[in-house]
Amino acid sequence: MISTTEVYLYRICLNFHGVKIYPNKISCGKELNLRKKMKDNVAEEHLYLAFSHQYRDSIFPLHTSISLFLLSYCDCKLFKVFLVPTGEDVGDQCVAKNLAGDLEVHLISRCQLPVVVQSCSLPAVVVKDDKFCRAGLSVVLRHIIQKTFEADPSKKEVLELLGFKKTCLKACAEVSQWTRLCEISIPLAVERFLTASSEHCQAIPPDILLLERKLGEPVRVHNDDKIRRQKLQQQKAGAKAAVPVLGEEATGELKPEVHEHPPSSLELSVAFSKLLAQEAPDANREAPNIRRTKTSDLPLLDHVFAEGLYFTVADLVLLPCIHQFLVSSKKQGKNLVNLPLISSWYRRVQEVPGVKKAAGKCNMELLQLPELVSAPEEQLQDSASVPDELEEDHEDSHFIGGPRPTMTKLMENGIEAKFSPHPCPSWTLDWTSLPSAVSPGEGKMSQDRALRKQQQLNNLVAAVTKLAKPGDLIVDFCSGGGHVGIVLAYMMPSCQVVLIENKELSLIRAKDRSDELGLNNIWFIQANLDYFNGTFNIGVALHACGVATDMVIEHCLRARAAFVISPCCYGFIQNTVKFKYPRSHQFKEILSYKEHMILCRFADQTAVQLPPERRLIGKQCMGLVDLDRAWAAEEHNYSVQVISMEPESCSPKNNMFVGIPTECESI
């Protein structure tokens, strides 16, 4: 008998004209194999992309169009690609054009996704029959690039997309304004712009204006000084370097052609020399007066591509988004005079080898924009209209004086650091009886550090053990190499444990340890915290840095899950797009943001080598910052205790939260 889901998928299949799409059956309860090592990546990898609708020459959400465009640009066919409809009424709105290039694309319903993927926002990649998932746009795109190069090392231009130190879009969106702009803000802004009614889409989205402004900022690169001296020499000589610009790649081979107005700046010469595998302008032929010029007197470099001089994955992320924005603006008759830098960037990206070919595969009809000259200052839309939350926080972080006035102010209002008694101060795991792969001492960790790490784990595992019930799902946020999660999975086989970490190598090490132990109750998710949206019972984090502690608490509050968290790096706490400090109503009534930051800065001064009095003040500041966090959680009907780990010498950052939803206490 044919199920309703199969009929639904079949209807969708018929509507995808021009794209090879096949319904796919994946058993929801299929047992996943954990015995394969991550280095055995000959296994088939599945790429899951969300699909809500088609608009002109793109599949939405835009994260899906971006992923398909990168696959086409890299000519990568290493992944089995699945589209996952986001709504029940998608069947009549399906793709009518070949927007997936020459890729074979399958359809799959949300309930058929591997269980580990169901807890993540798409796009996501998982090795077939495995429990290691990569989720989120930047993580998935970087993985596609790395796998393409591993499969064919001759594709060095693909690896170059990751930038000079292979770090392009590596920093997570929670801490990097640039990653947030490319990965989240621009795609969302364009999607809103395209769906807005005509009377509400007149203004250029603030995030687009922010990108325009960033393209006008000076560029810093690793060989910055040499290139700036060349630029100075070029300016003094009044010379214009002729640069070949690539035309359409009809046969797939590079065919330089003379452009009607060839680009002439040194920045373009350097950028395109790398793209065309040509020698860069000679940096050693500087006139004596140029060599003697102070660095501070050298001209600044202009943007050629999104991140500076060199073409990176950031350009490939932005192109499908900006393309849709420009197409829509043109149809509405908008004047793009406010965006001369974005328009120049858009034209320049089209000249990069492989871009037009990839656009053709994805049926993107790139626009031919005219040269734009900036309008007079008074006619330009003021970039000051960019909302405050999009701006970097420029508030002075160099405070004068110590924390005593702030602490006194709190004391006068009846607020002091207070710690609950440790529920089981002498509890410890029998580390000598555990397999070596469970112990944090395995690897390059010193004996002293391994002992302190074991003591830290004793505290967290003791608290989780008191909270956990058979069948609970426990999430180890910011898991690193899996010290907490692996111990929990080993000690509580009746519970499912999920490790979430943004650093790939750390998570692979954890996976290898898990495989050595033969654990079958553990999953691994490489993703920023925002891309995990699953339900769970207990959240745990050991030394979640700065704002990450507040992100973990927020995830737990949203899931109504208990939490056991040890904070760290108080000095990195600062206002972000999502979080403002102080956190609690009580602290907000007394302290300003700047006063709260004083507490955070001095909370980091707890190192053993500091004088005892200074460490004591640091501990009190830690207690106050965490009391603010605890009270903020209690505003959401939680009971929260702030505890000092035992022994306190196990770490300078020895505070620990234990939070329980009040409805659980009454059960």
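Residues numbered from 1 in each chain as written. Predicted model: local features only at pLDDT ≥ 70, side-chain atom pairs only at ≥ 80, totals over all residues. Heavy atoms only, no water.

As annotated in an unreviewed UniProt entry, the chain carries the name Glutathione S-transferase C-terminal domain-containing protein and is attributed to Geospiza fortis. You can read under Subcellular location (unreviewed entry) in the UniProt record for the chain the words "Cytoplasm". What the UniProt record of the chain gives under Sequence similarities (unreviewed entry) is the line "Belongs to the GSTCD family." (UniProt positions renumbered as here; feature names shortened; annotations may be inferred.)

Looking at the overall build of the chain
Across its full length, the chain holds 22 helices and 17 strands. Across the chain, contacts joining residues at least 24 apart in sequence account for 76% of those joining residues at least 6 apart. Here the chain displays about 30,200 Å² of accessible surface, and carbon together with sulfur accounts for 52% of that area. (Helix = DSSP H or I, 4+ residues; strand = E, 2+ residues; numbered from the N terminus. Contact = heavy atoms within 4.5 Å. Areas by Shrake-Rupley, 256 points an atom, 1.4 Å probe, with all protein chains shown as cover.)

Details of the packing of helix α14 (residues 404-412) against helix α20 (residues 593-603)
Think of two packed helices as two axes; the pair is described by the angle between the axes and how far apart they sit. Where α14 contacts α20, the axes come no closer than 9 Å and their chain directions differ by 110 degrees. Classed by the angle they form, the pair α14 and α20 counts as roughly perpendicular. The chirality of how α14 crosses α20 is left-handed. Where α14 approaches α20, its residues Thr406, Met407, Lys409 and Leu410 are matched on the opposing element by Glu595, Ile598 and Leu599. (Axes fitted to C-alpha atoms, helices over the stretch in contact; angles between N-to-C directions. Parallel < 35°, antiparallel > 145°, perpendicular 65-115°, else oblique. Left-handed = near helix turned anticlockwise from the far one by under 90°.)

Examining the pairing of strand β13 (residues 522-526)
Here β13 lies mainly inside the structure; five of its five residues are buried. The alternating pattern of β13 places Ile522, Phe524 and Gln526 and Trp523 and Ile525 on opposite faces, both of which are buried. Sheet analysis places strand β8 (residues 132-135) next to β13, joined by three bridges and oriented parallel. Bridge assignment links Arg134 to a residue of β13, and that residue is Gln526. Of the pairings in the sheet, the one linking strand β12 (residues 496-501) to β13 comprises five bridges and is parallel in character. Looking at the pairing, Leu499 lines up with Phe524 of β13. Considered for its hand, the β-α-β crossover made up of β12, helix α17 (residues 504-517) and β13 is right-handed. (Buried < 20%, exposed > 50% of the residue type's maximum accessible area, 1.4 Å probe, protein only. Pairing = 2+ DSSP bridges. Right-handed = clockwise from strand over helix to strand, strands pointing away.)

Some details on the packing of aromatic side chains
Applying the stated criterion across every chain, the model contains ten aromatic pairs. A centroid spacing of 6.1 Å and a plane angle of 80 degrees characterise the contact between Phe477 and Phe532, whose relative ring orientation is edge-to-face. Of this pair, Phe477 sits in strand β11 (residues 473-477) while Phe532 sits in the loop between β13 and β14 (538-545), placing them 55 residues apart in sequence. On the basis of relative accessible area, Phe477 is assigned to the buried category, the value being 0%. Clustering of aromatic rings is evident, with ring pairs tying together Tyr73, Phe305 and Phe311. Directly above the aromatic system of Tyr581 lies the positively charged group of Arg583, at a separation of 5.9 Å from the ring centroid. (Phe/Tyr/Trp six-rings, centres within 6.5 Å; stacked < 30°, edge-to-face > 60°. Lys NZ or Arg CZ within 6 Å of the ring centre and 35° of its normal.)

Considerations on the nonpolar core
In terms of nonpolar packing, the biggest core is built from 147 residues, with Ile322 and Phe477 touching the most fellow members. For this core, the element with the highest residue contribution is helix α11 (residues 313-331), accounting for eleven residues. When neighbours within four sequence positions are excluded, Phe477 is seen to be in contact with Ile500, Leu529, Phe532, Phe536, Gly539, Val540, Ala541, Val552, His555 and Cys556. The next biggest cluster of nonpolar side chains, apart from the first, holds 38 residues, and it includes Val438, Val484, Val487 and Leu517. (Core = buried A, V, L, I, M, F, W, Y, C linked by side-chain atoms within 4.5 Å.)

As for the state of the cysteines
In this structure the tally under the stated criterion is zero disulfides. Cys120 takes part in no disulfide bond, and the closest cysteine sulfur, belonging to Cys133, lies 4.1 Å away. When its relative accessible area of 0% is taken as the criterion, Cys120 is described as buried. Free of any disulfide, Cys172 has its nearest cysteine sulfur in Cys478, 8.5 Å distant. On the basis of relative accessibility, which here comes to 16%, the residue Cys172 falls in the buried class. (Disulfide = S-S within 2.5 Å.)

Some details on the pattern of salt bridges
As enumerated under the stated definition, the model contains 16 salt bridges in all. In this structure, the salt-bridge partner of Glu504 is Arg134, at a minimum N-O distance of 2.7 Å. On the criterion of sequence distance, the pair formed by Glu504 in helix α17 and Arg134 in strand β8 is long-range, its members being 370 residues apart. Between Lys578 and Glu554 there is a salt bridge, with the nearest N and O atoms lying 3.2 Å from each other. Here the residue Lys578 occupies a position in the loop between β15 (562-568) and α19 (585-590), and Glu554 occupies one in helix α18 (residues 547-559), the gap between them amounting to 24 residues. Accessibility expressed as a relative area gives 32% for Lys578, which makes it partly exposed. Looking at Glu554, the relative accessible area reads 23%, which means it is partly exposed. Each of the salt bridges in this network shares a partner with another, and the network as a whole consists of Arg180, Asp530, Glu554, Arg558 and Lys578. (Salt bridge = Lys/Arg side-chain N within 4 Å of Asp/Glu carboxyl O.)

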